[in-house]
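Spelled out from the first residue to the last, the chains are:
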Amino acid sequence: MPPPLRWIVLAVVVLMAAWIYLVPAFQAPDENAHFGYVQHLAETGHRPGSNPFSTYRSTEQTAAAQASNADQVAGATYAQPMFDDRAYDAWRARSFTAEQRANGRGHNPAAGNPPGYYALAVVPYAIGSGLDLFGRVLLVRAMGILFAALLAIVGWHLAACVMPGSRSA
């Protein structure tokens, strides 16, 4: 790997890690739907349903969004999610059953997406099975670091292929 590409990949990894850690859960576009898809697939082995009379978020995900005030501040750059230690401790003290992690049966806006990414995201979700929901969100997001680094490498080699007189390696 040429030194400039190493620096690019390092920058991508550092920036992605900072984004993953600094952006509160469920503040990224459509993260509620995407995480709901991953959680449902991981917990049930099935793609999200299409029940119009039910929510696509599990009881656990809904409780986490309420505890952090994520629904009220999603996409509002001027608003801040709640970072109250007492609310977080109260949320963590709750125990969620397997049914409460798997009951997001409603119509998920991401349900029309092919399951490939979500099937891969089940791996970090499963690795973090002993963590609370926010820990599992971080692990699923962390998978994006691998994709971003791979995209930088592929982009470098693609640019080398189309630029006359350049070398890809």
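Just so it is clear, the structure is predicted and the values come from calculations on it, not from any experiment.

Parameters and conventions
Residues numbered from 1 in each chain as written. Predicted model: local features only at pLDDT ≥ 70, side-chain atom pairs only at ≥ 80, totals over all residues. Heavy atoms only, no water. Helix = DSSP H or I, 4+ residues; strand = E, 2+ residues; numbered from the N terminus. Contact = heavy atoms within 4.5 Å. Areas by Shrake-Rupley, 256 points an atom, 1.4 Å probe, with all protein chains shown as cover. Lys, Arg positive; Asp, Glu negative; His and termini not counted. Charge placed at Lys NZ, Arg CZ, Asp CG, Glu CD. pLDDT = per-residue confidence, 0-100. Salt bridge = Lys/Arg side-chain N within 4 Å of Asp/Glu carboxyl O. Buried < 20%, exposed > 50% of the residue type's maximum accessible area, 1.4 Å probe, protein only. Polar contact = N/O pair within 3.5 Å; in protein donor to acceptor, adjacent residues only side chain to side chain. Patch = residues over 30% accessible without salt bridge, like charges linked within 9 Å, V, L, I, M, F, W, Y side chains within 5 Å. Core = buried A, V, L, I, M, F, W, Y, C linked by side-chain atoms within 4.5 Å. Axes fitted to C-alpha atoms, helices over the stretch in contact; angles between N-to-C directions. Parallel < 35°, antiparallel > 145°, perpendicular 65-115°, else oblique. Nonpolar A, V, L, I, M, F, W, Y, C, P; charged D, E, K, R; others polar.

Caption draft 1: Fine view of the overall build of the chain. Assigned secondary structure in the chain consists of eight helices and zero strands. Walking the chain from its N terminus toward its C terminus, one meets helices and strands in the order α-α-α-α-α-α-α-α. Counting only C-alpha atoms, the chain reaches 60 × 35 × 30 Å along its principal axes. When contacts within the chain are restricted to residue pairs at least 6 apart in sequence, long-range pairs at least 24 apart make up 75% of them. For the chain, the exposed surface amounts to about 10,000 Å²; the carbon and sulfur share of it is 65%. Between the mean site of the 11 positive side-chain charges and the mean site of the 10 negative ones, the chain shows a separation of 8 Å.

Caption draft 2: Spatial organisation of the confidence of the model for the chain. Per-residue confidence for the chain gives a mean pLDDT of 87, with 93% of residues at or over 70. When mean pLDDT is taken per element in the chain, helix H7 (residues 116–127) scores highest with 95 and helix H4 (residues 70–73) scores lowest with 74.

Caption draft 3: Highlighting the pattern of salt bridges. Counted according to the given criterion, the structure contains five salt bridges. Linking Glu 31 and Arg 141 is a salt bridge whose minimum nitrogen-to-oxygen distance equals 2.6 Å. With Glu 31 in helix H2 (residues 31–44) and Arg 141 in helix H8 (residues 133–162), this residue pair connects regions lying 110 residues apart in the sequence. By the burial criterion, Glu 31 is buried, and Arg 141 matches it. For Arg 105, the salt bridge identified is with Glu 99, shortest N-O distance 2.8 Å.

Caption draft 4: Summary view of the side chain of Gln 39. Position of Gln 39 relative to the elements: it lies in helix H2. A polar contact of 2.7 Å, which involves the side chain of Gln 39, links it to the side chain of Ser 58.

Caption draft 5: Representation of a nonpolar patch on the surface. A surface patch of nonpolar side chains, amounting to about 350 Å² of accessible area, comprises Trp 7, Leu 10 and Val 14. The exposure class assigned to Leu 10 is partly exposed, which follows from its relative accessible area of 44%.

Caption draft 6: Structural detail: the environment of Met 1. With respect to the helices and strands, Met 1 occurs in the segment before helix H1 (3–22). The spacing of Met 1 and Ile 153 is 152 residues in sequence and 9.0 Å in space, taken between C-alpha atoms. Setting aside its immediate chain neighbours within four residues, Met 1 contacts Arg 6, Val 9 and Ile 153.

Caption draft 7: Summary view of unusual backbone geometry. In this structure, Phe 26 takes a positive phi of about 70 degrees despite not being glycine. Inspection of the secondary structure puts Phe 26 in the loop between H1 and H2.

Caption draft 8: Looking closely at the nonpolar core. Membership of the largest hydrophobic core comes to 23 residues, with the highest contact counts inside it found for Phe 26, Phe 35, Trp 91 and Leu 133. Going through the elements one at a time, H2, helix H3 (59–68), H7 and H8 are the ones with two or more residues in this core.

Caption draft 9: Seen up close, the packing of H2 against H7. In contact at an axis separation of 9 Å, H2 and H7 are set at 75 degrees when each is read in the N-to-C sense. Between H2 and H7, the crossing angle belongs to the class labelled roughly perpendicular. Facing His 34, Phe 35, Tyr 37, Val 38, Gln 39, Leu 41, Ala 42 and Glu 43 of H2, the residues of H7 in contact are Tyr 118, Ala 119, Ala 121, Val 122 and Tyr 125. Of the residues belonging to the contact of H2 with H7, the class tally is ten nonpolar, two polar and one charged.

Caption draft 10: Spatial organisation of the environment of Asn 103. Examined against the element boundaries, Asn 103 turns out to sit in the loop between helix H6 (98–102) and H7. For Asn 103, a relative accessible area of 16% gives the class buried. Distance from Asn 103 to Arg 136, taken between C-alpha atoms, is 17 Å for residues 33 residues apart in sequence. Beyond its immediate sequence surroundings of up to four residues, Asn 103 is in contact with Ser 54, Thr 55, Ser 58 and Thr 59. Of note is the side chain of Asn 103, whose polar atom sits 2.6 Å from the side chain of Thr 59.

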